[in-house]
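A closer look at the structure
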Amino acid sequence: MKNLRPVGIIGTGKYVPEKILTNSDLEKIVETNDEWIVSRTGIRERHIAAPDEATSDLAYEASIRALASAGLKPEELDLIIVATITPDTIFPSTACVLQDKLGAKGAAAFDLSAACSGFVYSLATAVGFIQNGMYNNALIIGADTLSRITDYTDRNTCVLFGDGAGAVVIGEVPKGRGFQSFDLGAEGAGGPLLKLEGGGSRLPATVETVEGKKHFIYMNGREVFKFAVRVMGAATEKVLGKAGLAKEDIDLFIPHQANIRIIQSAMQRLDLPPEKCVINVDKYANTSAASIPLALVEAAEEGRMKEGDTVLMVGFGGGLTWGASILVW
Ligand code: ACO
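Residues numbered from 1 in each chain as written. Predicted model: local features only at pLDDT ≥ 70, side-chain atom pairs only at ≥ 80, totals over all residues. Heavy atoms only, no water.

Some points on the site of the ligand
The environment of the ligand is formed by 25 residues, the closest being T32, R40, C116, R222 and N259. The contact in question runs from an oxygen atom of the ligand to an N or O atom on the side chain of N259, over 2.6 Å. One of the backbone nitrogen or oxygen atoms of G318 is found 3.1 Å away from an oxygen atom of the ligand. A total of 1,000 Å² of accessible area belongs to the ligand in isolation, and the protein chains cover 78% of it. Secondary-structure elements contributing two or more residues to the shell around the ligand are helix 2 (34-41), helix 6 (155-158), helix 8 (221-242), helix 9 (260-270) and strand 12 (310-317). Top contributing element to the shell around the ligand by residue count: helix 8, with four residues. Across the shell around the ligand, the residue classes tally to twelve nonpolar, eight polar and five charged. No fewer than three residues from each of domain 1 (7-176) and domain 2 (179-328) sit in the shell around the ligand. (Near = heavy atom within 4 Å. Polar contact = N/O pair within 3.5 Å; in protein donor to acceptor, adjacent residues only side chain to side chain. Areas by Shrake-Rupley, 256 points an atom, 1.4 Å probe, with all protein chains shown as cover. Helix = DSSP H or I, 4+ residues; strand = E, 2+ residues; numbered from the N terminus. Nonpolar A, V, L, I, M, F, W, Y, C, P; charged D, E, K, R; others polar. Domains from an automatic or database assignment.)

Structure (structure tokens):
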């Protein structure tokens, strides 16, 4: 990517719904306890969308902040990609709903479905469009309302998920800065480990699919855990290699926020001290596509990235998929 037009982040914004669901709140709903949740996952609380809030509403709030920080008007946008597995509706896409809400007349808009890897997949897609000269800028949002597809009678999954949105505006940046490399991948054979079966063309919604809880997330946690540890390490090494960097060059590590133990194993493999890793899984839980952008935007807002810092983002999720990127801030 070195000889191509340099593309980087020129604006950031985030939004989480107001309502907080704590571990002790969950203790009243299912048989669980704060100690189990914190020791197994690192999660203490998560934000939950209000009944009248859908994914496009979360995305809108994050987007207006990102546009303001980029100093860009909505009508100047060329492209909008919403990474999500919880679109407002199957169609129109959430990106089209958002385009209208923002008044981004003329911008191309589509959703991208790669679960928790969706934000990195979307970045790679949009960077390609800008590098090849088709567009000059893009708004990329990772937004999910997982509370709408979570079974709050299933303790195996309901403690793990939360709602939120993170947005970035990308465009041309000075030489030497911006995205240096990407590594995207998929293992479709692992799809059954993490899925939502109902409501698609294979199993359209019926009374039976509702009664059979086919409209909720199903996850084989142990197997997904093993996959996550394996691909986080492999993708990290690959993306560093593609950028011609070593692990010692990483200034800030932004992993997908699913489970503190998965993050710690990646940190050990990279030999990274805690101050080089962004962790907010305790506050937001796993917000799927919103997880990496929420962490990235929070790190930017807290001033944790200096100009020229090397940032490594890596995520994994349903599909199964993974995505990693190196960014010079
Ligand atoms: N409270 C108390 N006990 C629980 C709870 C809970 N909330 N949940 C499960 N348990 C019990 C289980 O029933 C099991 O009991 P048993 O041994 O009597 O059957 C016991 O705790 C241990 O269960 P394990 O599954 O072995 O627990 P583990 O240590 O593997 O942790 C977890 C489970 C947290 C789900 C872990 O496997 C994990 O984080 N996996 C990865 C999840 C992930 O990253 N998912 C990404 C999804 S992203 C996307 O694309 C939407």
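Details of the UniProt feature "domain: Beta-ketoacyl-[acyl-carrier-protein] synthase III C-terminal" (unreviewed entry) in the protein
The feature "domain: Beta-ketoacyl-[acyl-carrier-protein] synthase III C-terminal" (unreviewed entry), as annotated in UniProt, sits at residues 241-329 in this numbering. Annotated as residues 241-329, this span is 31% helix and 22% strand, and its ends, taken at the C-alpha atoms, are 18 Å apart. (UniProt positions renumbered as here; feature names shortened; annotations may be inferred.)

Focus on the nonpolar core
Grouped together as the largest cluster of nonpolar side chains are 43 residues, with contacts concentrated most on I250, F253, L312, V314 and F316. Looking at this core, the elements with two or more residues in it are helix 8, helix 9, strand 12 and strand 13 (321-328). For this core, the element with the highest residue contribution is helix 8, accounting for eight residues. The residue makeup of this core includes at least three contributed by each of domain 1 (7-176) and domain 2 (179-328). The contacts of I250, once residues within four sequence positions are left out, are L240, L270, L272, K276, T310 and L312. Core analysis: the next-biggest nonpolar cluster, separate from the first, contains 33 residues, I130, I170, I292 and V311 among them. (Core = buried A, V, L, I, M, F, W, Y, C linked by side-chain atoms within 4.5 Å. Buried < 20%, exposed > 50% of the residue type's maximum accessible area, 1.4 Å probe, protein only. Contact = heavy atoms within 4.5 Å.)

Overview of helix 4 (residues 94-102)
An α-helical segment advances 3.6 residues per turn. Residues three or four places apart therefore align on the same side. Buried within helix 4 we find T94, A95, L98 and L102. Take helix 4 and look down its axis: the buried residues cluster within an arc of 95°, on one side only. Turning to helix 4, the residues buried within the fold contact helix 3 (55-70), strand 4 (79-83), strand 5 (108-112) and strand 6 (137-145). One or two residues past the end of helix 4 sits G103, with phi positive at roughly 75°. (Arc of directions from axis to C-beta.)

A few points about the sheet that holds strand 6
On the basis of which strands lie adjacent, the open sheet formed by five strands has the order 1-7-6-4-5 and mixed pairing. Strand pairing shows two members of the sheet lacking a second neighbour, strand 1 (7-15) and strand 5, which therefore form its edges. In this sheet, adjacent strand axes meet at a mean angle of 20° when their direction is disregarded. For strand 4 and strand 6, the ladder comprises four bridges, and the chain directions are parallel. (Pairing = 2+ DSSP bridges. Axes fitted to C-alpha atoms, helices over the stretch in contact; angles between N-to-C directions.)

So, the packing of aromatic side chains
One pass over the structure, following the stated rule, counts three aromatic pairs. Seen from their ring centres, F227 and W322 are 6.3 Å apart, and the 55° between their planes marks the pair as tilted. Of this pair, F227 sits in helix 8 while W322 sits in strand 13, and the two are 95 residues apart along the sequence. Accessibility expressed as a relative area gives 14% for W322, which makes it buried. (Phe/Tyr/Trp six-rings, centres within 6.5 Å; stacked < 30°, edge-to-face > 60°.)

Description of the environment of A108
Inspection of the secondary structure puts A108 in strand 5. Along the primary structure A108 and A66 are separated by 42 residues, whereas in three dimensions their C-alpha atoms are 18 Å apart. Beyond its immediate sequence surroundings of up to four residues, A108 is in contact with D78, L79, I80 and Y135.

Observations regarding the sheet that holds strand 8 (residues 178-186)
Working definition: the strands of a sheet are paired by backbone hydrogen bonds and lie parallel or antiparallel to each other. Taken together, four strands build an open sheet; the order of strands is 8-13-12-11 and the sheet is mixed. Single-partner strands in this sheet number two, and they are strand 8 and strand 11 (252-255). Direction aside, neighbouring strands of the sheet carry axes that sit 10° apart on average. Sheet topology note: the strand 8/strand 13 ladder contains eight bridges and is antiparallel. Bridge assignment links A186 to a residue of strand 13, and that residue is T321.

Thoughts on the side chain of R46
Mapped onto the elements, R46 comes out in strand 3 (residues 45-48). For the buried R46, which has no salt bridge, the nearest side chain bearing the opposite charge is D25, at an N-O separation of 6.9 Å. At 2.9 Å, the side chain of R46 and the side chain of N23 are in polar contact. (Lys, Arg positive; Asp, Glu negative; His and termini not counted. Salt bridge = Lys/Arg side-chain N within 4 Å of Asp/Glu carboxyl O.)

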